[in-house]
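Spelled out, the chains give:
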Amino acid sequence: MKKNKIIIASSILFLALAVPFFINKKDNSFSNTNNVQQTEEQEDNNEILFEVTSSASYRTNNPKELYDIADLVLIAEYTNDKESYIEKNGVVFTNSEFKVKQVLKNENDYKVGQSIVARHTGGIISFQQFLENKDDAFKEKVGLNSFTEKQKASGKVLFKTESIGDKDLLEEKNRLLFLGYDETKECFVIIYDNLGMPSISENNKIFNAQTKSYTNYDFLK
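Residues numbered from 1 in each chain as written. Predicted model: local features only at pLDDT ≥ 70, side-chain atom pairs only at ≥ 80, totals over all residues. Heavy atoms only, no water.

(A) Spotlight on the overall build of the protein. A count of helices and strands for the protein gives 6 helices and 12 strands. Burial status across the protein gives 48% buried among its 221 residues. Looking at the protein as shown, the accessible area adds up to about 11,700 Å², and 44% of this sits on carbon and sulfur atoms. (Helix = DSSP H or I, 4+ residues; strand = E, 2+ residues; numbered from the N terminus. Buried < 20%, exposed > 50% of the residue type's maximum accessible area, 1.4 Å probe, protein only. Areas by Shrake-Rupley, 256 points an atom, 1.4 Å probe, with all protein chains shown as cover.)

(B) Fine view of the side chain of E47. Mapped onto the elements of the fold, E47 is located in the loop between β2 (32–38) and β3 (48–56). Buried and unpaired, E47 has K150 as its nearest opposite-charge partner, separated by 8.4 Å. In this structure the side chain of E47 is engaged in a polar contact, spanning 3.1 Å, whose partner is the side chain of Q151. (Lys, Arg positive; Asp, Glu negative; His and termini not counted. Salt bridge = Lys/Arg side-chain N within 4 Å of Asp/Glu carboxyl O. Polar contact = N/O pair within 3.5 Å; in protein donor to acceptor, adjacent residues only side chain to side chain.)

(C) Focus on the pattern of salt bridges. Within the structure shown, the criterion is met by 9 salt bridges. When the shortest N-O distance is used, the salt bridge between D182 and R119 registers 3.1 Å. Here D182 is found in strand β9 (residues 174–182), whereas its partner R119 is found in strand β6 (residues 115–121), with 63 residues between them in sequence. Given a relative accessible area of 7%, D182 falls into the buried group.

(D) Representation of the nonpolar core in the model. Formed by 20 residues in total, the largest nonpolar core has its most connected members in V73, L104, L176, F178, I206, F219 and L220. Contributing elements (two or more residues each) for this core: α3 (63–69), β4 (72–86), β9 and β11 (206–208). With 3 residues, α3 is the largest single contributor of residues to this core. (Core = buried A, V, L, I, M, F, W, Y, C linked by side-chain atoms within 4.5 Å.)

(E) Molecular detail of the packing of aromatic side chains. Scanning the entire structure with this criterion turns up 16 aromatic pairs. Look at F50 and F130: their rings are 6.2 Å apart centre to centre, the planes differ by 35 degrees, and that puts the pair in the tilted class. You can see F50 sitting in strand β3 and its partner F130 sitting in helix α4 (residues 127–132), a full 80 residues away along the chain. Consider the rings of Y110 and F188, whose centres lie 5.1 Å apart with planes at 85 degrees: the pair is edge-to-face. (Phe/Tyr/Trp six-rings, centres within 6.5 Å; stacked < 30°, edge-to-face > 60°.)

(F) Quick peek at the layout of surface pockets. Empty space within the largest pocket amounts to approximately 710 Å³. Every residue lining the largest pocket is counted, 25 residues in all, and those nearest its centre are H120, K160, D168, L169 and N194. Contributing elements (two or more residues each) for the lining of the largest pocket: β4, β6, β7 (123–126) and β8 (156–161). Along the lines of polarity and charge, the residues of the lining of the largest pocket split into 8 nonpolar, 9 polar and 8 charged. (1 Å grid on protein atoms, 1.4 Å probe; cavity = no way out; pocket = protein on both sides within 12 Å on 5 of 7 lines; lining within 4 Å. Points joined across faces, edges and corners; volume = space filled by probe spheres on them. Nonpolar A, V, L, I, M, F, W, Y, C, P; charged D, E, K, R; others polar.)

Taken by themselves, the reported measurements are silent on function.
Okay, here's the thing in structure tokens:
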């Protein structure tokens, strides 16, 4: 599908507010840009009108270092998304449910049941929610006012983080979850976006974004 790309000014607040528990815990250097892509008009009433992609650099993308940083590490299977919502700062989050298969690390003796709900950045929200979060200048710049009332009433906006080369969550549901706990929201949070939920193979190898390959790690034995 042909798309028109618009670059939005970089915002360090996007990532800082997305993982506050981690920023406070350890020094992290990163940059961020958001790309907004407008899709072609479709007949589907629930079409994705915009795709917003966040591109960031992190202090580490090494699974062993993520294991050391995380408070809770699980082998789990993705089951479904509970809800997606947008914060006042423009960050979109999704609460997803995972079936717990194995606990590899539990730093603070958290109570872990058969399933766990974890928050991560990205997700699909209604176009109306997206509009309510933006000022007139932004709407004019990106062309949000060009959509029909029907599109505005039923359209969707997809927020995602830049691909690290791993499989999509719907394509590979078995994941290694690196989690922290957000005491303000009282929920578990997947750290470092996609880096914090790499896919895991049947022989317990996990995807390494650094090498773009599946690798063995001692903490999985």
